[in-house]
Amino acid sequence: MKRIFKHKYFQLFLGWVISFYIKICFQTSIWLTKNSEIVEKLLKKNKSFMVCFWHNRLLMTVFCWKWPHEFKMLISGHSDGKIISNAISNFGIQTISGSARKNNVSSLKEILKQINDNSIIGITPDGPKGPNEEVKIGLISLLKKTNVPVLPLSYSAKFKFKLKTWDKFIFVTPFNKFVAVWGNPLQFDKNKTLAENKLILEKEMKRVTMLSDNLSK
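Cut-off values and rules
- Residues numbered from 1 in each chain as written.
- Predicted model: local features only at pLDDT ≥ 70, side-chain atom pairs only at ≥ 80, totals over all residues.
- Heavy atoms only, no water.
- Axes fitted to C-alpha atoms, helices over the stretch in contact; angles between N-to-C directions.
- Helix = DSSP H or I, 4+ residues; strand = E, 2+ residues; numbered from the N terminus.
- Parallel < 35°, antiparallel > 145°, perpendicular 65-115°, else oblique.
- Contact = heavy atoms within 4.5 Å.
- Buried < 20%, exposed > 50% of the residue type's maximum accessible area, 1.4 Å probe, protein only.
- Pairing = 2+ DSSP bridges.
- Salt bridge = Lys/Arg side-chain N within 4 Å of Asp/Glu carboxyl O.

## Brief notes about the packing of helix α6 (residues 137-146) against helix α7 (residues 194-215)
Viewed as axis vectors pointing N to C, α6 and α7 meet at an angle of 105 degrees, and their least axial separation amounts to 9 Å. With respect to α7, the axis of α6 lies roughly perpendicular. Taken together, the residues of α7 that come into contact with α6 (itself represented by I137, L139, I140, S141 and K144) are L194, A195, N197, K198 and L201.

Below, the structure is given as structure tokens:
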């Protein structure tokens, strides 16, 4: 089974199936967005920033970004990451192969290049292997190094199921109600430790996650 998942053409096919399914979910549902003015204020500065969302909220995240500015996602180079990369490519979103690791962020050179080019970078700070909904210190180190803002994001749905995966991945259905919530932008606070900055980001991410869950009911 693992060999099948590693096959290039199977990954392309599965990516297409996923993109087709989430298009159906989007087109048959109500979609509401809260606090999008926060994104617009950051975009007016014409500077790079990061968008942060939990790994279990990956499925419909492509529909949260509605602006013409280039958006790239940091995706694991493993088999599941390649499938996700193939899926989101159908929405015009490019990927950077890498992940937020325990003590650093892989593909740092490419990320720094994208930041210099003022790209918007999406990242799952608890991916690709968890722990679930816990920001890895590697992302905080990156924020310290680059001093770019990070913007928390969450979406939720009225009809959803949590899969029995490490991240309790959220699977949604068509004919649904979706709510996307943008949080407050944060930057690395030099007066605080890495651990303290990590907790601040986690707190804001959990706040917008809970808010999106409540508003989608």
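## Describing the pairing of strand β9 (residues 177-182)
Of all 6 residues in β9, 5 are buried, a share of seventy percent or more. Pairing geometry for strand β1 (residues 30-34) and β9, over 5 bridges, is parallel. Its bridge partner being in β9, I30 is matched across the sheet by K177. Note that strand β6 (residues 150-157) and β9 share 5 bridges and pair antiparallel. By the bridge assignment, A157 is partnered in β9 with F178.

## Focus: the pattern of salt bridges
The final tally for this structure, using the stated rule, is 6 salt bridges. Ionic pairing is found between E134 and K198, a salt bridge with its closest N-O pair at 3.9 Å. Taken together, the residues span a long stretch of sequence, with E134 in the loop between β5 (120-123) and α6 and K198 in helix α7 at a distance of 64 residues. E134 gets classed as partly exposed once you look at its relative accessible area, which sits at 33%. The closest approach of N and O atoms between K192 and D189, which form a salt bridge, is 3.2 Å. Its relative accessible area of 34% is what places K192 among the partly exposed residues. Three or more residues joined by partner-sharing salt bridges are found here, namely E134, K198 and E202.

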